[in-house]
Amino acid sequence: MASPQDRKSLESANEKAQPRDEEKAGYDVTVSEADSAEGDEALKLVGRERVAQFSEEYNKKLRRKLDMMIPPLCAAVYFTQFLDKTSLNYASIMGFPIKGQSYNLVSLAFYLGFLVWEFPTVYISQKLRLAKYLGANIIVWGIILMCHAVATSFGAFFALRFLLGMCESCVAPILILIISMFYKKDEQGTRISWFYVMVSLTQIFGGFVAYGVSFYDGHALASYKIIYILLGGLAILVGVCVVVWLPDSPVHARLLTKEERIAVLERVRDDQGGMENKHLKKDQVIEALTDVRTWLIALTTIMTSIPNGALSNFSNIIIKSFGYTSKQTLILSTPGGAVASLTTLLCGWYSDKKNERMIPIIMCLLPTIVGSAMLIGLNDSGNKGALLFATYLIGTFGSALSSVYAYNASNTSGHTKKNTINAITLATFSVGNIIGTEIFQPKDAPGYIPGKTAIMVLLTVQLFISLLLRWVNLRLNAQKRAKLEEEKAKHGWTDEDVQRERERHAFMDLTDKQNPYFVYTA
C-alpha cells in the first residue's frame, strides 16, 4: 500500500494539474507544445506533469513485486526459445537424418524465417497487446516443434525450421519493450541479463536432457524425436503462462492496482523513454533509418551474430572432433554454459552500476578472441584439455547481445522508432546467424580453421565499433546539454522550470532526437 502522502498526491492530482498548466502558459515554448493526441498510452493514467509522488520505500516494494512477476516469465520465454532454436544442435548427434550441406541449409532455414517475418511481426505487435501476441506465437511454435518428430525429408525439416523462425522473431523485440516500460534505465541492463542468461543455462539444461535421452535404446521413437516432443510441450506450457500472467504494459497490468500502475509510470518518467503508442509514425521510421547509431548497432549485432550462428549449431561437433564420444560431448558442453551465464550476469550488473553499455561488450569479447586463437594455435596439438578450455572461453561473447538489447532499451524513445530499431537489430541478428551457419564448411572438418579465424577477426573489429558507438553517444549528450543551457538562458528558466518541462515531454511519444531532455547511455 502507498503511504498517506502517496494517497494524498493521487487524490489531489486533478486539483494540481490545472494551476500548473495556467502557471506554465506564460512561458511555454515550442518544444513543450507536443500534441497530446500523439502521446502514448501512459496519458490514460497520468497527466503530462507529475502530480503523484511516491516514497522511496514504496517504489522499492513495487520494484520487488515487478521483479517477481516480469523477469521470471521473460526468462521462461527466452529459455524455451533458445532451447527450441538449438534443438537441432542436440539432434545432430542423436540420429538426426539430415547430414552435410543439407544440415547446414536446415539450420539456415530458421534464420531465413526469422529475417523474412521480423519487420511484419514487430509492426503487428505494435497494434496488439504485446504479451498476448507473444504468448500466441509461443504456443504455435510449440506445435511446430512437435511436428519435427514426424518429419522425414529435407523439405519438411526446412519448412518447419522456417516457420519456427517466423514465430520466434517477435520474442526479443517484445521483451525489450516490456523491460523498458516497467524499469528505469539503471535497472534495465540487469533485468535483461536475467532473461538473456537463459541462453547459457539452456546449454547446461539441454546438454543434460539430451545426455539422458541418448541412453534410450527403444525402437518406437528415435532419440531426437523425443527431444522435439518434450521441447514442444514445454513451449506450449510457457505460452499459456505468458498469455495469462505477463503484463502488456503498465497501463494494462491487471495484476497491479491502479495506484501501482501509476507509480510504475512515475518511476520511469524522468528517463524520457515513454511507454507505447498504437500508431505507426512514418517520421519515426525515417529517423530510425537515418540515425547513424542505428547502423552502428546493426553492425555490432551482425559482427557478434555470425559467431553465434556458427557455434550454436556446431559447438558440439567441434568438441566431438577433439576425440570425445557423443555422450561425453553432451556432458562436456555444459561447463561452457556456466561460464557464459556468469559472464552475462556480471556484464548486466556492471552495465547498470556504471551506466555503460559498450564497455561490457568489450569485456565479454576479449576472452572469446583469446579462446579462438587457442583453438587455431593448438589445433593439431592433441591437447584435449587446453582445446576444451578454449571452447569454454569462447562462450563469453554471447553476452554481447544482452548488452545490445540493454543499449536499445536505454537509448531509444518514440514507440515506432523503438520498434524499427529493434526490428533492424534482430534482422541483422538473423543475417549474421545465416552467414554463421556457413562459415563451418564440411570440407574444413575436423579443424574448421577458416571458421575459427573468421570469429577471431570479426570480434576484434567489433572492439573498435563498440568504442566508436560509445563516443557518438557521449558527443550527443554534450550537444544536448549545451542546447538546454541555451534554452534556460533564453527563457530565464529555473531548475524547477526545467524539471517541469522534462516531465511534460516524458509521455508525448517523442523520439530521443526530438526530446531535448533525453539522455543517452554510453
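Keep in mind that this is a model prediction, so the values were computed, not measured.

## Quick word on the overall build of the protein
(1) Moving on: Each helix and strand counted, the protein has 22 helices and 0 strands in total.
(2) Moving on: Relative to the globule expectation of 24 Å for 522 residues, the C-alpha radius of gyration of the protein, 24 Å, shows essentially globular dimensions.
(3) Moving on: Its C-alpha atoms give the protein principal-axis dimensions of roughly 80 × 45 × 40 Å.
(4) Moving on: Sequence separation of 24 or more characterises 86% of the internal contacts of the protein that already satisfy a separation of 6 or more.

## Considering the nonpolar core
(1) Moving on: Formed by 126 residues in total, the largest nonpolar core has its most connected members in Ile70, Leu134, Phe182, Phe195 and Tyr405.
(2) Moving on: Element by element, the count of residues in this core is highest for helix H3 (residues 56-85), at 13 residues.
(3) Moving on: With near-sequence residues (within four places) excluded, Phe182 lies in contact with Leu66, Ile70, Pro247, Ser249, Pro250, Ala253, Leu256, Val264, Arg267 and Val268.

## Concerning helix H20 (residues 415-436)
(1) Moving on: For H20, which comprises 22 residues, the first-to-last C-alpha distance of 31 Å matches the rise-based estimate of 32 Å (1.5 Å per residue) to within 8%.
(2) Moving on: The buried fraction of H20 is high, at 20 of 22 residues.

## Things to note about the packing of aromatic side chains
(1) Moving on: Across all of its chains, the model carries 17 aromatic pairs by this definition.
(2) Moving on: Where Phe440 meets Tyr448, the ring centres are 5.2 Å apart and the plane angle is 85°; that geometry is what we call edge-to-face.
(3) Moving on: The class of Phe440 is buried, set by a relative accessible area of 1%.
(4) Moving on: According to the relative accessible area criterion, Tyr448 is buried, its value standing at 8%.

## Looking at the side chain of Ser125
(1) Moving on: For Ser125, the position within the fold is in helix H5 (residues 100-127).
(2) Moving on: Ser125 sits in the buried class, given a relative accessible area of 3%.
(3) Moving on: In this structure, Ser125 is in contact with Leu130, Tyr133 and Ile174, ignoring residues within four places of it in sequence.

## Quick look at the pattern of salt bridges
If the charged atoms of two oppositely charged side chains come close together, the side chains can form a pair.
(1) Moving on: For the coordinates displayed, the defined rule picks out 21 salt bridges.
(2) Moving on: Close ionic contact of Lys443 with Asp444 constitutes a salt bridge, the shortest N to O distance being 3.5 Å.
(3) Moving on: For Lys443, a relative accessible area of 69% gives the class exposed.
(4) Moving on: The residue Lys488 makes a salt bridge to Asp495 at a minimum N-O spacing of 2.9 Å.
(5) Moving on: Look at Asp495 and you get exposed, because its relative accessible area is 56%.
(6) Moving on: Here the salt bridges share partners, and the residues they tie into one network are Glu287, Asp291, Arg293, Lys417 and Asp512.

## Focus: the environment of Gly155
(1) Moving on: Mapped onto the secondary structure, Gly155 falls in helix H7 (residues 154-168).
(2) Moving on: Residue Gly155 is classed as partly exposed on the basis of its relative accessible area, which comes to 42%.
(3) Moving on: Separated by 26 residues in the primary sequence, Gly155 and Arg129 place their C-alpha atoms 34 Å from one another.

## Let's talk about unusual backbone geometry
(1) Moving on: Backbone torsion omega between Ala445 and Pro446 reads 0°, so that peptide bond is classified as cis.
(2) Moving on: Structurally, the position occupied by Pro446 is in the loop between H20 and helix H21 (449-491).
(3) Moving on: The residue Gln272 is not glycine, and still its phi comes out positive at about 65°.
(4) Moving on: Here Gln272 lies in the loop between helix H12 (258-268) and helix H13 (282-290).
(5) Moving on: Assessed through its relative accessible area of 1%, Gln272 is described here as buried.
(6) Moving on: For Tyr448, which is not a glycine, the phi torsion comes out positive at approximately 50°.
(7) Moving on: As for its position among the elements, Tyr448 is in the loop between H20 and H21.

Conventions adopted
- Residues numbered from 1 in each chain as written.
- Predicted model: local features only at pLDDT ≥ 70, side-chain atom pairs only at ≥ 80, totals over all residues.
- Heavy atoms only, no water.
- Helix = DSSP H or I, 4+ residues; strand = E, 2+ residues; numbered from the N terminus.
- Rg over C-alpha atoms; globule rule 2.2 N^0.38 Å.
- Contact = heavy atoms within 4.5 Å.
- Core = buried A, V, L, I, M, F, W, Y, C linked by side-chain atoms within 4.5 Å.
- Buried < 20%, exposed > 50% of the residue type's maximum accessible area, 1.4 Å probe, protein only.
- Expected span 1.5 Å × (residues − 1).
- Phe/Tyr/Trp six-rings, centres within 6.5 Å; stacked < 30°, edge-to-face > 60°.
- Salt bridge = Lys/Arg side-chain N within 4 Å of Asp/Glu carboxyl O.

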